[in-house]
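For reference, the chains in residue letters:
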Amino acid sequence: MPHVIERATTGRAKCRGCGSAIAKDAVRVGDAVPNLFADKEGAEAMHWYHPLCAAYRRPESFLQALEGSDVELPDREALVALAADGVAHHRLPRLDRAERAPTARAACRACRVAIPKDAWRIALLFWQDGRFAPAGFVHATCAATYFETADLLDRVRHFTPALTDADVETLARDLAAGPYAPTAAGESDGR
Ligand SMILES: [Zn+2]
Ligand SMILES: [Zn+2]
């Protein structure tokens with residue numbers, strides 16, 4: 001089963017990227033993935049995404065679906081560029097969302113240092129066995145190092161729609177701050 005891009009025939013499918021419904025007649029991307037839970041050998045399931053969510057989360061599938069398709073896609077060039085970015089920086093599709101750490105128990109997957117309570121952290125997803133699984137966190141200040149690009153804010157905002165303008169301001173500062181260095185009062189000294 002190839003990956004597909006098409007107009008949604010119903011409004012019942014939920015996007016596997018952002019969790020919200022895909023409207024009837026909207027363009028959707030179908031990611032054909034192995035169905036490990038089916039009895040039949042080689043069985044596949046189709047996972048549906050909004051085009052932007054697919055470009056972010058399943059860039060290879062998105063680009064393959066687009067190949068040879070004549071579906072009219074607004075912002076096609078921009079989406080292709082985003083997907084190419086996700087292929088070039090292979091950790092980027094792991095970016096789940098931003099949040100303030102509710103506890104200080106999680107260690108950063110980039111620098112191994114504990115993430116302080118209330119500090120911004122980026123939640124990660126690993127793709128395995130045909131689905132995304134939660135896979136820990138990195139300091140927002142370590143994100144540019146971990147993802148090997150500092151161009152993260154649009155992606156974070158897309159998958160964290162509840163962020164306020166004030167949140168975005170402090171988060172953007174952390175994302176640009178460089179590797180985490182524990183100092184008093186959570187200040188980053190830029191080291
Ligand atoms: Zn979506
Ligand atoms: Zn870190």
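Quick caveat, the model's predicted, so the values are computed rather than measured.

Caption draft 1: Molecular detail of the overall build of the protein. Within the protein, the regular secondary structure consists of six helices and six strands. For the protein, the N- to C-terminal ordering of α and β elements is β-β-β-α-α-α-β-β-β-α-α-α. Whereas a compact globule of 191 residues would reach a radius of gyration of roughly 16 Å, the protein reaches 18 Å, a difference of no more than 12%. Its C-alpha atoms put the protein at 55 × 40 × 30 Å along the principal axes. Of all 191 residues assigned to the protein, the portion counted as buried reaches 33%. Looking at the protein alone, contacts between residues at least 24 apart form 56% of all its contacts between residues at least 6 apart.

Caption draft 2: Looking closely at the domain arrangement of the protein. Assigned domains within the protein: domain 1 (4-88) and domain 2 (92-186). Here the C-alpha centroids of domain 1 and domain 2 sit 25 Å apart. At the interface, 12 residues of domain 1 touch seven residues of domain 2. Among the secondary structure elements, those contributing two or more residues to the side of domain 1 that touches domain 2 are strand 2 (27-34), helix 1 (51-57) and helix 3 (76-88). Of all the elements, helix 1 adds the most residues to the side of domain 1 that touches domain 2, at three residues. Tallied by class, residues from the side of domain 1 that touches domain 2 come to seven nonpolar, two polar and three charged.

Caption draft 3: Just the packing of helix 2 (residues 59-66) against helix 3, in detail. Relative orientation of the contacting elements helix 2 and helix 3 amounts to 135°, with a least axis distance of 8 Å. In terms of orientation, helix 2 and helix 3 fall into the oblique class. Between helix 2 and helix 3 the crossing geometry is left-handed. In this structure, helix 2 contributes P59, E60, F62, L63 and L66 to the contact, and helix 3 contributes V80, A83, G86 and V87.

Thresholds applied
- Residues numbered from 1 in each chain as written.
- Chains lettered and ligands numbered in written order.
- Predicted model: local features only at pLDDT ≥ 70, side-chain atom pairs only at ≥ 80, totals over all residues.
- Helix = DSSP H or I, 4+ residues; strand = E, 2+ residues; numbered from the N terminus.
- Rg over C-alpha atoms; globule rule 2.2 N^0.38 Å.
- Buried ≥ 20, exposed ≤ 12 C-beta atoms within 10 Å, placed from the backbone.
- Contact = placed C-beta atoms within 7 Å.
- Domains from an automatic or database assignment.
- Nonpolar A, V, L, I, M, F, W, Y, C, P; charged D, E, K, R; others polar.
- Axes fitted to C-alpha atoms, helices over the stretch in contact; angles between N-to-C directions.
- Parallel < 35°, antiparallel > 145°, perpendicular 65-115°, else oblique.
- Left-handed = near helix turned anticlockwise from the far one by under 90°.

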